[in-house]
Amino acid sequence: MEFQSIKGFKDILPGESVIWQQLEAETRKKFSTFGFEEIKTPIVERTELFSRGIGQETDIVSKEMYSFEDSKGRGLTLRPEATASVVRAYIQNRLYQAFPVQKLYSIGPMFRHERPQKGRFRQFHQINAELFGDAGPKSDAEMIVLAVFLLQDLPLGPLTLHLNSLGCPECRPAFKKTLQETLADKRDHLCADCAKRLDFNPLRIFDCKLETCREVVFEAPVIVDFLCGECSAHFHRVQAYLEDCEIDYVLNSKLVRGLDYYNKTTFEIQTEHLGAQNAVGGGGRYDGLVKLLGGPDHPAIGFAMGMERIIALMEMNRTAQAGKPDLFIAAIGEEADRASFVWADRLRKSGFRIEVDYGLHGLKSQMKKADRLGAEKVLIAGDDEMKSGKGILRDMTGKEQIEVDLKTIVPALEDILKNG
Ligand code: AMP
């Protein structure tokens, strides 16, 4: 019997993994310029952490979690998102004692029992960032600038930043009530989920993807018209910071996002190239969550980016060089084979990707292999070249050849490979 992977769970194969590494390397580099440090939390947590943190009525908690009991009957869950776990770690380890503002990022798999489709998996990966300990608009703007910065140098095609404010416990209740009153006589036009949302969390109706529900909320009141003075000033300040940094955004008063814990600034980065799953990443402020999960009353803001979606866009735009060798060494004959073993070793230690032939094959077969691997250049060294001390370096794009001195081949190649 041949085993298959489980629906919604997929392998990341060689070839693809190169792009994942590029994305991770780029991410780590950019996070460090903003002073973020990596945190790695366990994949399994107590179920209650998520039900309490994300909200009982959310899709994630009500129908998408991979939950199970361990042998002692404890309810455990594979993490469906990172924030609740990072908040748990922040509280448990008293991270706030070291620095009042903590900036943490993590990269790793999440698990949600959703219906798999293009851009939507049951195990997927997120890049996640959280900033704890500052309530002001500057940290909101900084997180958005960072999110844009992470994506801006990747070949993703056009992206749009959507921005909204969800208000605070002061101003949201009045909006919620007005929304409930406005939609009350349209209950029959809502899907079963949204009919329930109308009672518990009517804002989430804006999040429904069904056309019928979208029509119902099309002309509904919007939260920005209900913001209190503080929320409104905060939101305007965020926008001013973004404008100063020349970050384009669109105000989207229907952007509410799926999780219950957000307040004030919320944002999403969207693409038009991934069909229905158009969110590449998003986040927002969640000032009440640390306290809700048993910690001090510390404000926070975070975001999460979907790595599969970023990589799908990178593959679509195809400029990523999927790990092509800088050099292939075609060595023919035993003497050249042994010498080239050392050349390859030294060049790899200088950071170049070097490929060789493993079977002492003839030149034609080795050239074919170099071509298949997409090598940029090939060094040819056979018995004649070893005798004369002059190898041949062929450029595989232009097909020009030059002679190279084999006695000083390693520094010469380092120079050529570095400078093209
Ligand atoms: P969320 O935690 O739902 O705000 O999601 C943040 C980002 O993670 C989204 O914008 C997506 O890019 C990605 N994402 C969420 N759910 C999935 C999924 N089931 N499959 C793939 N990517 C996902």
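Structure report, in brief. (Residues numbered from 1 in each chain as written. Predicted model: local features only at pLDDT ≥ 70, side-chain atom pairs only at ≥ 80, totals over all residues. Heavy atoms only, no water.)

1. Examining the overall build of the protein
Within the protein one finds 15 helices and 16 strands. Its C-alpha atoms give the protein principal-axis dimensions of about 90 × 60 × 45 Å. The buried share among the 420 residues of the protein stands at 49%. Restricting to contacts in the protein with at least 6 residues of sequence separation, those with at least 24 account for 70%. Just so you have it, the protein exposes about 21400 Å², and 51% of that area is on carbon and sulfur atoms. Placing the 56 positive and 62 negative side-chain charges of the protein at their respective mean positions leaves the two points 3 Å apart. (Helix = DSSP H or I, 4+ residues; strand = E, 2+ residues; numbered from the N terminus. Buried < 20%, exposed > 50% of the residue type's maximum accessible area, 1.4 Å probe, protein only. Contact = heavy atoms within 4.5 Å. Areas by Shrake-Rupley, 256 points an atom, 1.4 Å probe, with all protein chains shown as cover. Lys, Arg positive; Asp, Glu negative; His and termini not counted. Charge placed at Lys NZ, Arg CZ, Asp CG, Glu CD.)

2. Section: the site of the ligand
The environment of the ligand is formed by 14 residues, the closest being Arg-112, Glu-114, Phe-121, Arg-257 and Ala-279. At a separation of 2.8 Å, an oxygen atom of the ligand approaches a polar side-chain atom of Arg-112. The side chain of Glu-114 places a nitrogen or oxygen atom 2.7 Å from a nitrogen atom of the ligand. If the ligand stood free it would expose 480 Å²; the protein chains cover 91% of that surface. Contributions of two or more residues to the shell around the ligand are made by β6 (123-132), β10 (279-285) and β11 (300-306). (Near = heavy atom within 4 Å. Polar contact = N/O pair within 3.5 Å; in protein donor to acceptor, adjacent residues only side chain to side chain.)

3. Digging into the packing of helix α1 (residues 16-33) against helix α5 (residues 137-152)
Remark: α1 packs on α5, axes separated minimally by 10 Å, with the N-to-C direction vectors making an angle of 150 degrees. The interaxial crossing formed by α1 with α5 has right-handed handedness. Across the interface between the two elements, Thr-27, Lys-30, Phe-31 and Thr-33 of α1 pack against Leu-146, Phe-149 and Leu-150 of α5. Split into classes, the residues belonging to the contact of α1 with α5 amount to four nonpolar, two polar and one charged. (Axes fitted to C-alpha atoms, helices over the stretch in contact; angles between N-to-C directions. Left-handed = near helix turned anticlockwise from the far one by under 90°. Nonpolar A, V, L, I, M, F, W, Y, C, P; charged D, E, K, R; others polar.)

4. Some thoughts on the nonpolar core
Within the largest apolar cluster, 85 residues are counted, with the highest numbers of intra-cluster contacts made by Phe-31, Phe-132, Leu-242, Phe-303, Met-305 and Ile-310. For this core, the element with the highest residue contribution is α5, accounting for eight residues. Leu-379, Leu-406, Ile-409 and Leu-417 belong to the second-largest nonpolar core, a separate cluster that totals 22 residues. (Core = buried A, V, L, I, M, F, W, Y, C linked by side-chain atoms within 4.5 Å.)

5. A closer look at the sheet that holds strand β16 (residues 401-405)
Strand pairing within a sheet occurs via backbone hydrogen bonds; the two strands may be parallel or antiparallel. Read across the sheet, five strands follow the order β13-β12-β14-β15-β16 without closing on themselves; strand pairing throughout is mixed. Looking at the sheet topology across the chains shown, the edges are occupied by β13 (354-356) and β16. Each neighbouring strand pair of the sheet contributes to a mean axis angle of 25 degrees, computed without reference to strand direction. Sheet topology places strand β14 (residues 377-381) next to strand β15 (residues 390-395); four bridges connect them, and they run antiparallel. The residue of β15 that forms the bridge with Ile-380 is Ile-392. Helix-sheet contacts for helix α13 (residues 363-373) involve β12 (327-331), β13, β14 and β15, and the interaxial angle to β12 is about 170 degrees. (Pairing = 2+ DSSP bridges.)

6. Let's talk about the sheet that holds strand β4 (residues 75-78)
Spatially, three strands are ordered β2-β4-β3 in an open sheet, and the strand pairing comes out antiparallel. Edge strands, defined here as strands with exactly one partner in the open sheet, are β2 (44-46) and β3 (66-69). Averaged over neighbouring strand pairs, the angle between their axes works out to 35 degrees when direction is ignored. Across four bridges, β3 lies against β4 in antiparallel orientation. Across the sheet, Tyr-66 pairs through a bridge with Leu-78, a residue of β4. Running at roughly 75 degrees to β2, helix α2 (residues 47-54) makes contact with β2, β3 and β4 of the sheet.

7. Describing the packing of aromatic side chains
By convention here, two paired aromatic rings are described through the distance between centres and the angle between planes. Scanning the model with the defined rule gives eleven aromatic pairs in all. Ring centres of Phe-31 and Tyr-105 lie 4.4 Å apart, and the angle between their planes is 5 degrees; this geometry places the pair in the stacked category. Taken together, the positions of Phe-31 in helix α1 and Tyr-105 in strand β5 (residues 102-111) put the pair 74 residues apart, joining distant regions of the chain. The exposure classification of Phe-31 matches that of Tyr-105, with both residues buried. Seen from their ring centres, Phe-132 and Tyr-286 are 6.5 Å apart, and the 85 degrees between their planes marks the pair as edge-to-face. Of this pair, Phe-132 sits in strand β6 while Tyr-286 sits in the loop between β10 and α10 (289-292), and the two are 154 residues apart along the sequence. Residue Tyr-286 is classed as buried on the basis of its relative accessible area of 1%. Of the aromatic side chains, those joined through ring pairs into one cluster are Phe-31, Phe-36, Tyr-105, Phe-267 and Phe-303. (Phe/Tyr/Trp six-rings, centres within 6.5 Å; stacked < 30°, edge-to-face > 60°.)

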